Amino acid sequence: AQKTPRLATSSAPKAQSSIGDFDLKVVILDILPLLILLVSFDLIATEREDGTLRLILAQSVSLRILLLTRAGLRAGMVTAFMIAAIMCSSIAAFPMGIPAFEWL
């Protein structure tokens, strides 16, 4: 008699829906990159279209510093949003008997 291999299952709680499992892995792998693209798609395009990019760069600010500053601020916004989302979901999971941060 051969034994069939069993797949390891995660003990983390998952929300079932009509589209599949929804857990922290889905958020990090699927939603986070989309959120980063959504937040950072327009770093300098508006200034270039409006003609104000030349005015900004004329004030002794390099394009590299401008891009890094704007990208850093937007990355901070995404990080703050993700921390807030994790905290809210932990608070919401507590009444269901799931200890805080165990599901991470």
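Residues numbered from 1 in each chain as written. Predicted model: local features only at pLDDT ≥ 70, side-chain atom pairs only at ≥ 80, totals over all residues. Heavy atoms only, no water.

(A) Representation of the overall build of the chain in the model. When its secondary structure is counted, the chain shows four helices and two strands. Reading the chain from its N terminus to its C terminus gives the helix and strand order β-β-α-α-α-α. Of all 104 residues assigned to the chain, the portion counted as buried reaches 16%. Expressed as a percentage of contacts within the chain between residues at least 6 apart in sequence, the contacts between residues at least 24 apart total 44%. (Helix = DSSP H or I, 4+ residues; strand = E, 2+ residues; numbered from the N terminus. Buried < 20%, exposed > 50% of the residue type's maximum accessible area, 1.4 Å probe, protein only. Contact = heavy atoms within 4.5 Å.)

(B) Focus on the nonpolar core. Grouped together as the largest cluster of nonpolar side chains are six residues: Val27, Leu32, Leu35, Val39, Val78 and Met82. Elements with a contribution of two residues or more to this core: α1 (24-40) and α4 (63-93). Among the elements that line this core, the one with the most residues is α1, at four residues. (Core = buried A, V, L, I, M, F, W, Y, C linked by side-chain atoms within 4.5 Å.)

(C) How the structure looks around the pattern of salt bridges. What the rule picks out here adds up to one salt bridge. Across the pair Glu47 and Arg70 runs a salt bridge whose closest N-O atoms are separated by 3.0 Å. One end of the pair, Glu47, is in helix α2 (residues 45-50); the other, Arg70, is in helix α4, with 23 residues separating them in the sequence. The exposure class assigned to Glu47 is buried, which follows from its relative accessible area of 17%. (Salt bridge = Lys/Arg side-chain N within 4 Å of Asp/Glu carboxyl O.)

(D) Main features of unusual backbone geometry. In this model, Ser60 sits at a positive phi of 55 degrees, which is unusual for a non-glycine residue. Inspection of the secondary structure puts Ser60 in the loop between α3 (53-57) and α4.

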